[in-house]
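So the chains spell out like this:
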Amino acid sequence: VGSWTLGEIAARLGGRLHGDPRGRVTGIRSLAEAGPDDLSFVSRPDHRDEAARSRAGALLAADAGPFAGRNVIVVPNPYAALAEVMDLFHPPASPEPGISPQALVGEDCDLGVDVSIGPFAVVGRRCVLGARVALRPRVVLGDDVRIGADTVLHAGVVVYPRTVIGERVTVHANSVLGSDGFGYAEAGGSRRKIPQVGDVVLGDDVEIGACVTIDRATFGSTVIGARTKIDNQVQIGHNVQIGEDCVLVAQVGVAGSTRLGRGSICAGQSGVSGHLTIGEGARIGAATAVLQDLPAGAFVLGAPAQDHRDWKKQQAALRRLPDLLHRVGRIERTAITAANGAARGTRRPARGRARRHGGGQ
Amino acid sequence: VGSWTLGEIAARLGGRLHGDPRGRVTGIRSLAEAGPDDLSFVSRPDHRDEAARSRAGALLAADAGPFAGRNVIVVPNPYAALAEVMDLFHPPASPEPGISPQALVGEDCDLGVDVSIGPFAVVGRRCVLGARVALRPRVVLGDDVRIGADTVLHAGVVVYPRTVIGERVTVHANSVLGSDGFGYAEAGGSRRKIPQVGDVVLGDDVEIGACVTIDRATFGSTVIGARTKIDNQVQIGHNVQIGEDCVLVAQVGVAGSTRLGRGSICAGQSGVSGHLTIGEGARIGAATAVLQDLPAGAFVLGAPAQDHRDWKKQQAALRRLPDLLHRVGRIERTAITAANGAARGTRRPARGRARRHGGGQ
Amino acid sequence: VGSWTLGEIAARLGGRLHGDPRGRVTGIRSLAEAGPDDLSFVSRPDHRDEAARSRAGALLAADAGPFAGRNVIVVPNPYAALAEVMDLFHPPASPEPGISPQALVGEDCDLGVDVSIGPFAVVGRRCVLGARVALRPRVVLGDDVRIGADTVLHAGVVVYPRTVIGERVTVHANSVLGSDGFGYAEAGGSRRKIPQVGDVVLGDDVEIGACVTIDRATFGSTVIGARTKIDNQVQIGHNVQIGEDCVLVAQVGVAGSTRLGRGSICAGQSGVSGHLTIGEGARIGAATAVLQDLPAGAFVLGAPAQDHRDWKKQQAALRRLPDLLHRVGRIERTAITAANGAARGTRRPARGRARRHGGGQ
């Protein structure tokens, strides 16, 4: 999609260029794939050797030192710079505005300018879509859904009635927003459904992966805070409150009524039980199961979750446990010998007890 | 949706009213949200303080004692009463009966009275739909699917051929019933698919969340017993038999040919291996991995699953394990000293062995 | 679907028939369900007793010995033979070729002979579909998707632009191929999306379950090797490379940029962290969390994953840990006694230290 000079790119990024400002690149590729016409990037110190071997025509890096004689644009955060420069070469493809003749739009909807609605999409009654909202093919909106400007819902997304979605939100294919929370009253071994009459509210700049499910609240709202990023196959229970700027990696589950503080991070396949409060900036490791409240800034691992240092110590100790069992068995046997030895020197010792310990092994 | 007097509500619930029978409420809200025109509920003893502070005009509670001077409807199970009274204020919205002109219905189908089929739904050949069945937009039914009266399939649900669904069943958006079981014969490092020619049978009053997958049987049927409730993103393998009145919380997986006894509960993110038998009323905790049969009434936690008491003891002990390693090291060193001391009093003790233990640390 | 003589079946399988070659069977059923007109199979030695009790008219078995007097077709791998003979009785049902009048096909597509495109399917521009490709109802293909001959995409599958799919591939309902990878650059507590401009490539004979998500690469390709089988609700991150002949059971997650060697097996609900290299033929047990590289042929269990033997030893030891704590406590108390005894015989021993140990319990 065109080409850019290194001078132009450095200017755009506010970076310092080592090399020829008139040099041109026509694409961005990974270190392994890049050729002389490509820009690449060194996002981590341990990629330096790979970067040195790369055939890339120019590099985004935090430090030009290791790359003497090459074209390097020095920026403090090469990965963030990558995000910015990517748009030069891969401008986001917006679907053409307009409503497909194969789409159905209900009565009394309010559609903003340049809205795009794909084929076989169904929009309920009284929906409000902001400017440039794009509903890709087969999206279904229930009645009374409100969506802010510049939001994109990919193919197959289902949005239940009364859901509220902010601006610049992306939801990937086949995700479901606003399905019923899992609430039943038990009586006599059977369960009666509690009608789920609340809704789901997504803040601005939220991004949601594919096959994600976010349940509507029993009463009130299930809330996803602004700028929070949710990966594929994440499950959010009813009445959950996710703060702003959180990150939920793939296959995470957050059970009903739990609150995640601003800036929390849940790594892949982790889970948080219901009715918990997780403090701001908490970090929950991969496959971790959180069963209790966590304070702000906590960093936990394990199932059940513990402070990451305690967990690591216990895991290290667990590897030594089989040997420890042998060692304690030996001590018990030695204790008998030592006690016997002492007994011979003095009087009858606690020999019976020592034996019992050995027998308890 | 209208208003009701407290007398009417108490009568409907068979509850005892403390307060003004002519008092009116116009909605139901949580304790935190309710105002003077709302009914609220005290479903757990630890909500009493919140209830006392609530501005709710009336309360459903198991005991009027803590709420002197307020309007209280006393019922034995306030949460179950809530389920019942919710229907007064939020009568379930049935989609209009009728077949969308944008739906496709195959040949030789038998459609009951007041069936509702939404736009872009596809119904295969020879399907049988009971009275008032609702297929929301974009539902796909394969050939020979049978669905009982009053069942609702939400948008995007896919039902493979020959699936049988009971009465009053709900399936939420984008779930898949009857996809192929995961069965392959290995030969020489590669795998050949075993055709999956069985089906899926869902009992009456089953409820299924969003993005759930239930595989068809290799032969025979994968069965979900009546009144069983399944949350979002649950995976049920081929030939699994789930009993009646079970509860499977979000992201649970049950592997092929396993049987879950009536009334079993699988908490979130738990998993059960294949070919197992789980007894009636078993409880499987969150993130628990069941690798062996369980007797009726078992309550297990952990990965691998164990009796919950054993697991708790082990987890408590594990937290003390790093310290235990130090303690045993000290004992080993002390044993040398003590043995040496004893030795001076008598004869050469088992000093060499004691040293070896210390060295093994 | 017709009937076959035992002689015909034995010939087809290259098996040795014990019994009447003119005997006829009209179906295949499990041991429990089979009747005198059915063929059944003994796939595992522990099914012999059930097989002896089965009413099946004939058996596929590795050994005729236990079934004297019955019709038995002896083959080395009865389960593989089952896969082959199933096609006789259940020939795969291909959808009728042709493009539904309710489907939309974009400009400049290249469609092979006998392609089948179901109602409400959407095919983007410049797509290439091989011979006999079947898109079931509601499949969505983005622009520039290429699909090899004889591939079937079931209802609701969404394929993002530029995805490449091999021949004879099956993808079950509501799966998503090519959604954006989860890549963000963090700057000042917020995150900026890294555009994901790579693609997804699926090899020949790959099979993919329902509600699976496979993300497109940031750059380059996310690759699923030929003949790999992926069960329902599996998540594959961006830039992952899955080798040939791998098996990923339900609810597995593989994080970004990880490589799985040829023939690896991930059991249900297991997870593999990002940027790892898993050797050929590695086996990862159910609910296992792999946080480090694994060598070829590794067999690991646990969270975090360890060699299966080490893990089993540790789990066995963990069950003895609560008792071990008591045993060590007793030793510490005994050590005081013994030390005291020794002290009386000699001089003042390390009594204070022994006490401290006891107090530390």
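These numbers come from a predicted model, not from an experiment.

1. Here we look at the overall build of chain A
Then, number 1: Along chain A, the regular secondary structure elements total 5 helices and 40 strands.
Then, number 2: Over its C-alpha atoms chain A spans a radius of gyration of 30 Å, topping by over 25% the 21 Å that the globule rule assigns to 361 residues.
Then, number 3: When burial is assessed residue by residue, chain A has 57% of its 361 residues classed as buried.
Then, number 4: Here the contacts in chain A between residues at least 6 apart in sequence split such that 18% fall between residues at least 24 apart.
Then, number 5: Of the roughly 14,000 Å² that chain A leaves accessible, carbon and sulfur atoms contribute 49%.
Then, number 6: Each charge sign in chain A was given a centre, from 42 positive and 36 negative side chains, and these centres are 17 Å apart.

2. Some thoughts on the pattern of salt bridges
Then, number 1: Tallied over the full model, the rule gives 57 salt bridges over all chains.
Then, number 2: Residue B:R327 is joined to C:E332 by a salt bridge in which the shortest nitrogen-to-oxygen separation is 2.9 Å. With B:R327 in helix α4 (residues 308-345) and C:E332 in helix α4 (residues 308-345), the pair connects residues from two separate chains.
Then, number 3: C:R44 is the salt-bridge partner of C:D46, the closest N and O atoms lying 3.5 Å from each other.
Then, number 4: A residue is classified by how much of its surface remains accessible, and C:D46, at 56% relative accessible area, is exposed.

3. Description of the pairing of strand β24 (residues 199-202) of chain B
Residue and element names in this part refer to chain B.
Then, number 1: Sheet topology places strand β19 (residues 164-165) next to β24; 2 bridges connect them, and they run parallel. The residue bridging I165 from the neighbouring strand is L202, located in β24.
Then, number 2: With 4 bridges joining them, β24 and strand β27 (residues 221-224) adopt parallel strand pairing. Residue V200 lies in a different strand from β27, and its bridge partner there is T222.

4. Digging into the pairing of strand β6 (residues 58-61) of chain A
Residues and elements named next belong to chain A.
Then, number 1: Side chains A58 and L60 of β6 all project onto a buried face; the interleaved residues L59 and A61 project onto the opposite face, where all are buried too.
Then, number 2: Relative to β6, strand β5 (residues 38-41) is paired through 3 bridges, and the arrangement is parallel. When the sheet's bridge partners are listed, S40 is paired in β6 with L59.
Then, number 3: Between β5 and its parallel partner β6, the chain crosses via helix α2 (residues 48-53), and the hand of that crossover is right-handed.
Then, number 4: Bridge count for β6 against strand β7 (residues 72-74) is 3 bridges, and the pairing is parallel.

Rules used in this analysis
- Residues numbered from 1 in each chain as written.
- Chains lettered and ligands numbered in written order.
- Predicted model: local features only at pLDDT ≥ 70, side-chain atom pairs only at ≥ 80, totals over all residues.
- Heavy atoms only, no water.
- Helix = DSSP H or I, 4+ residues; strand = E, 2+ residues; numbered from the N terminus.
- Rg over C-alpha atoms; globule rule 2.2 N^0.38 Å.
- Buried < 20%, exposed > 50% of the residue type's maximum accessible area, 1.4 Å probe, protein only.
- Contact = heavy atoms within 4.5 Å.
- Areas by Shrake-Rupley, 256 points an atom, 1.4 Å probe, with all protein chains shown as cover.
- Lys, Arg positive; Asp, Glu negative; His and termini not counted.
- Charge placed at Lys NZ, Arg CZ, Asp CG, Glu CD.
- Salt bridge = Lys/Arg side-chain N within 4 Å of Asp/Glu carboxyl O.
- Pairing = 2+ DSSP bridges.
- Right-handed = clockwise from strand over helix to strand, strands pointing away.

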